[in-house]
Structure formats: C-alpha cells, structure tokens
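This is what each chain is made of:
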Amino acid sequence: MTNPNFDLWVYLAASPLLWLTLTIGTFLAAQWVAKRSGYHPVVNPVLITIVVVVLVLRLTGTTYDTYFDGAQFIHFILGPATVALAVPLYRSRQLVKAKALPILASLAIGAPFAMLSATGIAILLGAAPAIVLALVPKSVTAGIAVGIAGQIGGEPALTAVLVIATGILGAVIVTPLMNALKIKDYAARGFAAGLTSHGIGTARAFQVNSVAGTFAGLAMALNGLATAFLAPLIFGFFS
Amino acid sequence: MLFGLFILLACQLAGEIIARGMGLPIPGPVIGIVLLLALLAIQGWRQGAASAETGPVAKSADGLLANLGLVFIPAGVGISQNYQLVFDNGLALVAALVVSTVLTLIVTVAVFRFVSRLLPAKETQP
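Residues numbered from 1 in each chain as written. Chains lettered and ligands numbered in written order. Predicted model: local features only at pLDDT ≥ 70, side-chain atom pairs only at ≥ 80, totals over all residues. Heavy atoms only, no water.

S.K.: Explain the overall build of chain B here, please?
M.R.: When helices and strands are tallied, chain B shows eight helices and zero strands. Mapped from its N terminus to its C terminus, chain B presents α and β elements in the order α-α-α-α-α-α-α-α. Each of the three principal axes of chain B carries a C-alpha extent, and together these read 55 × 50 × 30 Å. Burial statistics for chain B: of 126 residues in total, 44% are counted as buried. Taking contacts inside chain B between residues at least 6 apart in sequence as the whole, the part at least 24 apart equals 40%. In the form shown here, chain B has an accessible surface area of approximately 6700 Å², with 71% of it arising from carbon and sulfur atoms. Between the centroid of the 6 positive side chains of chain B and the centroid of its 5 negative side chains there is a distance of 11 Å. (Helix = DSSP H or I, 4+ residues; strand = E, 2+ residues; numbered from the N terminus. Buried < 20%, exposed > 50% of the residue type's maximum accessible area, 1.4 Å probe, protein only. Contact = heavy atoms within 4.5 Å. Areas by Shrake-Rupley, 256 points an atom, 1.4 Å probe, with all protein chains shown as cover. Lys, Arg positive; Asp, Glu negative; His and termini not counted. Charge placed at Lys NZ, Arg CZ, Asp CG, Glu CD.)

Here is the structure:
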C-alpha cells in the first residue's frame, strides 16, 4: 500500500533541491509583485517571501531544521555579500572626503542612538532579555545584523525580522517626516534614511533623489561597520 | 566572476581568522569589509581608481548586492520558531521599533545639518 506520491514527497521534502527552489522562486515572484506595486516600501519582497515560506512549512508540517538544511546554501552567501559592501564604500570615497565632518558626526551619534533608543524603550516596557538583545542591530543591514546578534547573544532569526520591519518603517516614514521638518538637504535626508533603515531605506532614498540614495548607501555601509564595532562594547557583557 | 568571488571569500576567511584568532567580538565578514576596502585602495592607487571600481571583484560584488534580499530569507524564516517570544513582547517590540526609528531619523538628520552649517560655505545649496 505504498503511495508513490507520498514517497516522492518524503524524498523531495528531505532534499535541498525543493527548499532552494521554493525560496528562490517565491523571492522572484515577490519581486515581481513589488515591481507591480511601483516598489512601494510596504510591499517588501523579503517580507513576502518569509511569510509565504513560513506558511508552506506550516501547511506541510516541515520543521525549520529540515528547511534550513536546504536553504543554508543561500544563507552562506550572507558572508561574501556582506564583504561586498566594501565596493560601494570604495566608490563613495570622494563623497566621504567632501562631507567628512557631517558624516562622521552623524555616524558617531546616530549609530549608538539607534541601538540605545530601541533597547531602552524595550527595557522600559519590560521586554524579555532575548528581545532586547535582538533589537540592538535593528538599523543595520541584515547580513551584518545577523552576525552581530549572534555575537552578543540575541536571537538571529528574530533580528532578521526586526531588521526588515525597521527598514520598512523607516522607508515609509522618512519622506513625510523630513518634509514636515522642512529639511531640503538631500544629502542629510539620505544619510539619515540609510543609517536608520539600511538597504530598504536606501532603496527608498534612490526613488526620491539620487544624491539622497548615494548618501543612504554610504550611511548603510558605515553604520554596519560602526554598529559591529560598538555593539559588543555596549552590550557584550550580557552574553 | 570566479576570481571576484574568490577574493570576497578570501577576505571573509581572513576576517574570520582575525576575529576568532584575536578573540574580537566582531563578525568576521565585517573585518572582511575593511580588508577588501584596503585591497581596493591599493589596487586603485597602483592601477587607477577605474580598475578597482569596475574590475572582477567589483562585478562579483555588484552581482551579490543586487540580490541581497534573497540571502537573509533563510535566517528570517527562523521567526517561525519564535512566535511565542514575539507574541509575548508584541507591544514592547512595536513601540521600540516605531519610536526608535522616528527618533533616529530626526537625530541623524539634525546632527548632519548642524555640522554641515558649521563648515565654510563652499558648496551650500540655494
């Protein structure tokens, strides 16, 4: 009474092939949906893909460990993709030279402020320590943030989701907020967007203005570096 | 393409060795960024900036960065193991994210504007 369909499922569910194909296929479909929405920040392809994959795992009764055995090939690329941030950073060196002081000052204050404001509010509202530590690198691009969370004892999976949520929030808020504050300096606006909400904020900044986008990308890379160096100093004693 | 990927992996590997070997609490790939930046600066200085900006390493880096979103999906799906934690701390999480995001945007833009204004006005916009 062996069911050939069931046997096939047992085989596929345990092989990396199925979960790799599902992850990449869903991401491509989500990117298509995001494009159709005119790249609205709320229609985030990463968020859509995570929700769809979680639902598929739930519906098929697949454990995260089984899924990750396949998806780890994609996860591994986080490392080299993080190193790759050096290239846009190198290309921005003239920009850094021209605006060195405002860049350094806003980085020196913005990077710790992003960490301390989020963790401070969470502690005041009685959040569990695992939540507080997962919040530390929430403004940093996910590749670096997941590494930082692991270093200081936060939950990397939770950090990945908090990073995406912060990116979407910043991308949605930044333009109305800056307009309300009557700030017309697109270098400053872009730098704030990239420092606060990393790649998702940078993508949003490029839609508004190319100067803003360039400064946002620069802020994203610099804040990744600054937070990676500061987070263990400020929060390292927890772990 | 392969050479570019090799350099990216080699920088990450060197970063991991430095981080773990010296007991530094910094992710290996972050040290890898600094190492690659130094390599690009040396290449730019010896062969001209254009070769560092468009060489094989830059091409591989651009290819990876264009699909950056994909690489954090496996980690993000891990949220399926943390439902209870998120649910129990929902209010604190939402408040921390929203308030911190708004305040960080304001503080960063304010510092940037403030220090820009202190500088000699050689390239101020109208």
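Right, picking up where we left off after that structure.
S.K.: What should I look at first to understand the overall build of chain A in this one?
M.R.: Assigned secondary structure in chain A consists of 13 helices and zero strands. Each helix and strand of chain A, ordered N terminal to C terminal, gives the series α-α-α-α-α-α-α-α-α-α-α-α-α. On C-alpha atoms alone, chain A measures out to a radius of gyration of 20 Å, which is about the 18 Å that the 2.2 N^0.38 rule sets for 239 residues. Projected onto its principal axes, the C-alpha coordinates of chain A cover approximately 75 × 45 × 35 Å. Relative to its full complement of 239 residues, chain A shows a buried share of 53%. Contacts spanning at least 24 positions in sequence make up 67% of the contacts within chain A whose residues lie at least 6 apart. As displayed, chain A has an accessible area near 10100 Å², and 71% of this comes from carbon and sulfur atoms. (Rg over C-alpha atoms; globule rule 2.2 N^0.38 Å.)

S.K.: Whenever I open this one, a nonpolar patch on the surface confuses me. Can you help?
M.R.: A grouping of Leu47(A), Val51(A), Leu55(A) and Leu59(A) is seen on the molecular surface, where their side chains present a nonpolar patch of about 400 Å² in accessible area. Mapped onto the elements, Val51(A) comes out in helix 3 (residues 45-60). (Patch = residues over 30% accessible without salt bridge, like charges linked within 9 Å, V, L, I, M, F, W, Y side chains within 5 Å. Salt bridge = Lys/Arg side-chain N within 4 Å of Asp/Glu carboxyl O.)

S.K.: Looking at this model, I keep getting lost on the side chain of Thr23(A). Mind explaining?
M.R.: Along the chain, Thr23(A) turns up in helix 2 (residues 16-36). Within polar-contact distance, the side chain of Thr23(A) engages the side chain of Tyr67(A) at 2.9 Å. Here Thr23(A) is in contact with Thr49(A), Tyr67(A), Ile74(A), Leu70(B) and Ile73(B), once residues within four sequence places are set aside. (Polar contact = N/O pair within 3.5 Å; in protein donor to acceptor, adjacent residues only side chain to side chain.)

S.K.: Just to check I follow, could you spell out the UniProt feature "transmembrane region" (unreviewed entry) in chain B for this structure?
M.R.: Residue and element names in this part refer to chain B. Mapped onto this numbering, the UniProt entry annotates "transmembrane region" (unreviewed entry) at residues 24-42, 63-79 and 91-115. Within the segment residues 24-42, helix and strand shares are 79% and 0% respectively, and the terminal C-alpha atoms sit 25 Å apart. Here residues 63-79 runs as 76% helix and 0% strand, with 27 Å between its end C-alpha atoms. (UniProt positions renumbered as here; feature names shortened; annotations may be inferred.)

S.K.: I tried to follow the domain arrangement of chain B on my own but got confused; where do I start?
M.R.: A common way to state how big an interface is: give the accessible area lost once the parts meet. For chain B, the domain assignment lists domain 1 (1-66) and domain 2 (72-120). Placing the centre of domain 1 of chain B and that of domain 2 of chain B at their C-alpha centroids yields a distance of 28 Å. (Domains from an automatic or database assignment.)

S.K.: Whenever I open this one, the confidence of the model for chain B confuses me. Can you help?
M.R.: Parts of the model with low pLDDT should not have their predicted coordinates read in detail. Averaged over all residues, the pLDDT of chain B is 90; the fraction at 70 or higher stands at 95%. Interface confidence for the predicted complex, given as ipTM, is 0.88, next to a pTM of 0.85. (pLDDT = per-residue confidence, 0-100.)

S.K.: Mind showing me how you'd approach the interface of chain B and chain A here?
M.R.: Taken residue by residue, the interface counts 71 residues in chain B and 96 residues in chain A. Together chain B and chain A conceal approximately 7200 Å² of surface at their shared face, both sides included; 82% is due to carbon and sulfur atoms. If you sort the residues of chain B by the area they bury against chain A, Phe72(B), Leu105(B) and Phe112(B) come out on top, with a joint share of 10%. Put simply, chain B and chain A have three salt bridges between them. A salt bridge links Arg91(A) to Asp62(B), with the shortest nitrogen-to-oxygen separation between them at 3.0 Å. (Buried area = accessible area lost by both parts, 1.4 Å probe.)

S.K.: Help me understand the confidence of the model for chain A in this model?
M.R.: When pLDDT is averaged along chain A, the result is 91; 98% of the residues meet or exceed 70. Taken element by element, the predicted model of chain A shows its lowest mean pLDDT in helix 1 (residues 4-13) of chain A (81) and its highest in helix 8 (residues 100-124) of chain A (97).

S.K.: I tried to follow helix 2 (residues 28-47) of chain B on my own but got confused; where do I start?
M.R.: In an α-helix, one turn spans 3.6 residues; hence positions three or four apart end up facing the same way. All names here are of chain B. Spanning 20 residues, helix 2 covers 28 Å between terminal C-alpha atoms, matching the ideal 28 Å at 1.5 Å per step. Taken residue by residue, helix 2 has Gly28, Pro29, Val30, Ile31, Gly32, Ile33, Leu36, Leu40 and Gly44 as its buried positions. With its phi angle positive at about 95°, Gly48 sits one or two positions after the end of helix 2. (Expected span 1.5 Å × (residues − 1).)

S.K.: What am I meant to see in the environment of Gln151(A) here?
M.R.: Relative to the helices and strands, Gln151(A) is located in helix 10 (residues 142-152). Note: C-alpha distance between Gln151(A) and Phe235(A) (84 residues apart in sequence) is 9.8 Å. Of the polar contacts made by the side chain of Gln151(A), one reaches the backbone oxygen of Ile26(B); its length is 3.4 Å.

S.K.: How should I be thinking about the UniProt feature "transmembrane region" (unreviewed entry) in chain A in this particular structure?
M.R.: UniProt's entry tags residues 6-30, 42-61, 73-91, 103-136, 156-174 and 212-238 of chain A with the feature "transmembrane region" (unreviewed entry), counted in the numbering of this structure. Here residues 103-136 of chain A runs as 85% helix and 0% strand, with 22 Å between its end C-alpha atoms.

S.K.: Looking at this structure, how should I read the packing of aromatic side chains?
M.R.: Think of a pair of aromatic rings as described by two things: how far the centres are apart, and how the planes are tilted against each other in angle. Counted according to the given criterion, the structure contains six aromatic pairs over all chains. Seen from their ring centres, Trp9(A) and Trp19(A) are 6.4 Å apart, and the 85° between their planes marks the pair as edge-to-face. Pair noted here: Trp9(A) is in helix 1 and Trp19(A) is in helix 2, with a separation of 10 residues, a long-range link. Centre to centre, the rings of Phe191(A) and Phe112(B) are 5.4 Å apart; their planes meet at 40°, and the pair counts as tilted. Highlighted residues: Phe191(A) in helix 12 (residues 186-208) and Phe112(B) in helix 8 (residues 90-118), drawn from two different chains. Here Phe191(A) matches Phe112(B) in class, with each residue buried. These aromatic residues form a ring-pair network of at least three members: Trp9(A), Trp19(A), Tyr64(A), Tyr67(A) and Phe68(A). The ring of Tyr90(A) carries Arg93(A) above its face, with NZ or CZ at 4.0 Å from the centroid. (Phe/Tyr/Trp six-rings, centres within 6.5 Å; stacked < 30°, edge-to-face > 60°. Lys NZ or Arg CZ within 6 Å of the ring centre and 35° of its normal.)

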